[in-house]
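Spelled out from the first residue to the last, the chains are:
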Amino acid sequence: MSKFETTGVITANVYKVSPEQKEQLDLLAEERLLKAREEAIPNILKRYEQRQEEIRQLKDSSKK
């Protein structure tokens, strides 16, 4: 759970849902989160490897 401080007023529409609907929405949210992670992790690893290569090149050029 995230906690944020703000000086503004936050409003949101609130809808009543049945327990079945809540379960479906929770499953959908979990599926979306898993999909986002599956897509994000390879991109993060790729950027990490690129940055490591940049650092290696900087170290090599500073040794010369």
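For the structure itself, consult the block above.
Report follows, based on the coordinates. In this numbering scheme, every chain counts its residues from 1 along its sequence in written order. Thresholds applied to this predicted model are a pLDDT of at least 70 for local features of residues and 80 or more for the giving and counting of side-chain atom pairs; totals over whole chains, interfaces and linings are not thresholded and use all residues. Excluded from the side-chain calculations are hydrogens and water; all other atoms, namely the structure's heavy atoms, are used.

### Remarks on the overall build of the protein
What counts here: Secondary structure elements are taken from DSSP: a helix is a run of H or I of four residues or more, a strand is a run of E of two residues or more, and numbering for both begins at the N terminus. Atoms counted for the radius of gyration: C-alpha only. Globule rule: 2.2 Å times the number of residues to the power 0.38. For the exposure calls, accessible area comes from a 1.4 Å probe over protein chains only, and a residue counts as buried if that area is under 20% of its type's maximum, exposed if over 50%, partly exposed in between. Throughout, the Shrake-Rupley method with a 1.4 Å probe supplies accessible areas, and for residues the shown protein chains are the sole cover considered. Positive charges are assigned to Lys and Arg, negative charges to Asp and Glu, while His and the chain termini are left out of the count. All charge positions are set by atom: Lys at NZ, Arg at CZ, Asp at CG, Glu at CD.
Scanning the protein from terminus to terminus reveals 1 helix and 0 strands. For 64 residues, the compact-globule formula gives about 11 Å, and the C-alpha radius of gyration of the protein, at 22 Å, lies well above that figure. Counting the 64 residues in the protein, one finds 0% classified as buried. Summing over all exposed atoms, the protein offers an accessible surface of approximately 7,100 Å²; the carbon and sulfur share of this is 55%. Of the charged side chains in the protein, 13 are positive and 12 negative; the average position of the first set lies 8 Å away from that of the second.

### Some remarks on the environment of glutamate 38
Looking at the element boundaries, glutamate 38 is found in helix α1 (residues 19–63). The class of glutamate 38 is exposed, set by a relative accessible area of 59%. Each C-alpha atom of the pair glutamate 38 and glutamine 50 lies 19 Å from the other, and the pair is 12 residues apart in sequence.

### Re the pattern of salt bridges
Oppositely charged side chains can pair when the atoms bearing their charge come close. Operational definition: Salt bridges are defined as contacts in which a side-chain nitrogen from Lys or Arg sits within 4 Å of a carboxyl oxygen from Asp or Glu.
Counted according to the given criterion, the structure contains 3 salt bridges. With its nearest N and O atoms 2.8 Å apart, the salt bridge here joins lysine 22 to aspartate 26. Within this pair, lysine 22 and its partner aspartate 26 are both found in helix α1, separated by 4 residues, close to a single helical turn. On the basis of relative accessible area, lysine 22 is assigned to the partly exposed category, the value being 46%. The exposure class assigned to aspartate 26 is partly exposed, which follows from its relative accessible area of 41%. Glutamate 54 is the salt-bridge partner of arginine 51, the closest N and O atoms lying 3.0 Å from each other. Taken together, the residues arginine 51 and glutamate 54, both in helix α1 and 3 residues apart, mark about one turn of the helix.

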